[in-house]
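# Structure at a glance
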Amino acid sequence: MRNLRILPIALLIAPVALSAQERLATRTGHISFLSETPMENIVGDNHKVTSVFDATTGAIEFAVLIKAFEFEKALMQEHFNENYMESNTFPKASFKGKVTGVGEDELKKEGTYLISAQGDLTIHGVARPVTIKGTFMVDAAGAVKATSDFTVNAEDHGIKIPGVVRDKIAKEIKVSVKLDYAKM
Amino acid sequence: MNKRTIFLLIVLLAAIGGGFAWKEYHRTTAKADELPVKETVNAQDLMTAFITDEDAATARFVGTTEQVVQVTGTISAIDPAGKLTNIVLGTDNDLAGVVCEFAAADVPADWRSGASVTIKGICTGMLIDVVLVRCTAVE
């Protein structure tokens, strides 16, 4: 798990010679997920997503602490951490990949850009290759916001859902990401 | 004990059990000031612990179940974020600090950058920063 910390820090402390690269970062991104079933809806929110985007190379990474997800009910949070995500063993989730559709030139002008991020999504210690669609928005002041909505199948990442509660957990979990980047 | 009494006892036990189950199901997560403090540390030492040995620091400050860490430090940044506010406690690492997430209404009005403060929060680990959530101010 240590290398999940190293990459963003490596990008942050890269030599001055690389300062010409356009790098954006956030430490307070937002990820929420929704499990929607007729039995129960479960929403988890995490406002401490760390992400770094290198507009020169297209490299992107985001990482999140599982225990920083918050729920309406304490029992949901406890079951999420102890029974499903096993967060004592797998404390973090991450995505590492490459973005196409936006680069240094696009970030210099106001606009909305459709992007595709291809890479590995690691949840519960299991990495799966994914392609995530999203949007980068650059406003008149040059602020950059990235958003994406995608779905995750918990069982693809080795998360076991007991038969007793199978009807309470959606097969496809809806994930929503919102990142307000700042230039590094 | 006659059948009517037994029946009433069963109904009473079922009601008590049902009430407990309902209360437990609807229990909300506690803020940091509603739980006992497990560790007291300053921001620099907390950061150093995670950088030196993340696994050991996670075991000590995050624990296997939620636990409260009381941390002292100097505010290096106050970042409003909608209904939340992030209070960043500075460390000797310019790139990283201890980020304490508050409900915006819970941040004392007189807190400013440079102020020395004490905060209780649930430690969730470290990405670039050490992250505490559901924080409250210690006056």
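Residues numbered from 1 in each chain as written. Chains lettered and ligands numbered in written order. Predicted model: local features only at pLDDT ≥ 70, side-chain atom pairs only at ≥ 80, totals over all residues.

## Points about the overall build of chain B
The condition that has to hold: Each helix is a run of H or I in the DSSP string that is no shorter than four residues. Each strand is a run of E no shorter than two, and both are numbered from the N terminus. Only the C-alpha atoms count toward the radius of gyration. The rule for a globule is 2.2 Å times the residue count to the power 0.38. Exposure is read from a count of other C-beta atoms within 10 Å of each residue's own; the residue is exposed at 12 or fewer, buried at 20 or more and partly exposed in between. C-beta atoms are placed from the backbone.
Across its full length, chain B holds three helices and six strands. Computed over its C-alpha atoms, the radius of gyration of chain B comes to 21 Å, more than 25% above the 14 Å expected for a compact globule of 139 residues. Each of the three principal axes of chain B carries a C-alpha extent, and together these read 75 × 35 × 25 Å. When each of the 139 residues of chain B is scored for burial, the buried share is 33%.

## Side note on the overall build of chain A
The condition is simple: What counts as a contact here is a pair of residues whose C-beta atoms, placed from the backbone, lie within 7 Å.
Along the backbone of chain A there are three helices and eight strands. Taken from the N to the C terminus, the helices and strands of chain A come in the order α-β-β-β-α-β-α-β-β-β-β. Across chain A, the fraction of contacts at a sequence separation of at least 24, relative to all contacts at a separation of at least 6, is 59%.

## Focus: the interface of chain A and chain B
The condition is simple: For this scheme, ten residues count as nonpolar: Ala, Val, Leu, Ile, Met, Phe, Trp, Tyr, Cys and Pro. Four count as charged, namely Asp, Glu, Lys and Arg, and the remainder, Gly too, count as polar.
With 22 residues of chain A at the interface, the matching set in chain B holds 25 residues. Among the elements of the structure, helix 1 (2-12), strand 1 (23-36), strand 2 (41-54), strand 3 (59-65) and helix 2 (74-84) of chain A are those that each provide at least two residues to the side of chain A that touches chain B. Of the residues that constitute the side of chain A that touches chain B, the class distribution is ten nonpolar, five polar and seven charged.

## Some words on the domain arrangement of chain B
For clarity, the threshold we go by: Here the bounds of each domain stem from an automatic or database domain assignment.
Each assigned domain of chain B is listed here: domain 1 (1-29) and domain 2 (32-137). Put simply, the middle of domain 1 of chain B and the middle of domain 2 of chain B, counted by C-alpha atoms, are 41 Å apart.

## Quick word on the sheet that holds strand 7 (residues 144-153) of chain A
Residue and element names in this part refer to chain A. Heads up, the rule is: Strand pairing is assigned whenever DSSP detects at least two bridges linking the two strands. Orientation is described by lines fitted to C-alpha atoms, with helices fitted over the stretch in contact, and by angles between N-to-C directions that extend from 0 to 180 degrees.
Read around the barrel, eight strands follow the order 1-2-3-4-5-6-7-8 and close on themselves; strand pairing throughout is antiparallel. Each neighbouring strand pair of the sheet contributes to a mean axis angle of 25 degrees, computed without reference to strand direction. Here four bridges tie strand 2 to strand 3, and the two strands are oriented antiparallel to one another. Counted as the bridge partner of T50 is A63 from strand 3.

## Concerning the pairing of strand 2 of chain A
Residue and element names in this part refer to chain A. Counting buried positions along strand 2 gives eleven out of 14 residues, so the element sits mostly inside the fold. Bridging between strand 1 and strand 2 involves eleven bridges; their strand directions are antiparallel. Looking at strand 2, one finds that S32 is bridged to D45. With antiparallel pairing between neighbouring strands as the criterion, strand 2 and strand 3 make up a hairpin whose turn holds four residues, including G58 at a positive phi of roughly 85 degrees.

## A look at the nonpolar core
Within soluble globular proteins, side chains that are nonpolar tend to cluster in buried spots. The test is simple: We define the nonpolar core as any set of buried residues of the types Ala, Val, Leu, Ile, Met, Phe, Trp, Tyr and Cys, connected via C-beta atoms lying within 7 Å of each other.
With 66 residues, the main nonpolar core has V98(B), C100(B), V131(B) and L132(B) as its most contacted residues. Not counting residues up to four positions away in its chain, the partners in contact with C100(B) are N86(B), I87(B), L89(B), I119(B), G121(B), L132(B) and C135(B).

## Quick look at the environment of D54(A)
Relative to the helices and strands, D54(A) resides in strand 2. Note: C-alpha distance between D54(A) and L24(A) (30 residues apart in sequence) is 6.4 Å.

## A word on the pairing of strand 2 (residues 68-81) of chain B
Walk down a regular strand and you will see the side chains alternate between the two sheet faces. Residues and elements named next belong to chain B. Pairing of strand 1 (residues 37-42) with strand 2, which is carried by five bridges, proceeds in the parallel orientation. Counterpart to E39 in the pairing with strand 2 is V69. Bridge count between strand 2 and strand 5 (residues 116-126): seven bridges; the pairing is antiparallel. By the bridge assignment for strand 5, T72 is matched with T118. Here strand 2 runs beside strand 3 (residues 84-89); their pairing, made up of six bridges, is antiparallel. In the sheet register, D79 faces strand 3, and the bridge partner there is N86. Between the antiparallel neighbours strand 2 and strand 3 lie two residues, among them G82 with a positive phi of about 70 degrees.

## Some thoughts on the environment of E106(A)
Residue and element names in this part refer to chain A. With respect to the helices and strands, E106 occurs in helix 3 (residues 104-107). Residues E106 and A55, 51 residues apart in the sequence, show an inter-C-alpha distance of 9.2 Å. Apart from residues no more than four positions distant in its own chain, E106 is found in contact with G111, Y113 and V138.

## Side note on unusual backbone geometry
Even without being a glycine, H124(A) presents a positive backbone phi close to 55 degrees. With respect to the secondary-structure elements, H124(A) resides in the loop between strand 5 (111-123) and strand 6 (126-138). The backbone phi angle of R134(B) is positive, close to 50 degrees, even though this residue is not glycine. Relative to the helices and strands, R134(B) resides in strand 6 (residues 130-137). Note on R134(B): 24 C-beta atoms within 10 Å, which makes it buried.

## Re helix 2 (residues 43-52) of chain B
Residues and elements named next belong to chain B. Using the following cut-off: Here the arc refers to the set of directions running from the helix axis out to each C-beta atom.
Residues A43, L46, M47 and F50 constitute the buried set of helix 2. Buried residues of helix 2, viewed axially, fall in a sector of 95 degrees; they line one side. Turned more than 90 degrees away from the buried face of helix 2 sit D45 and T52, all of them exposed.

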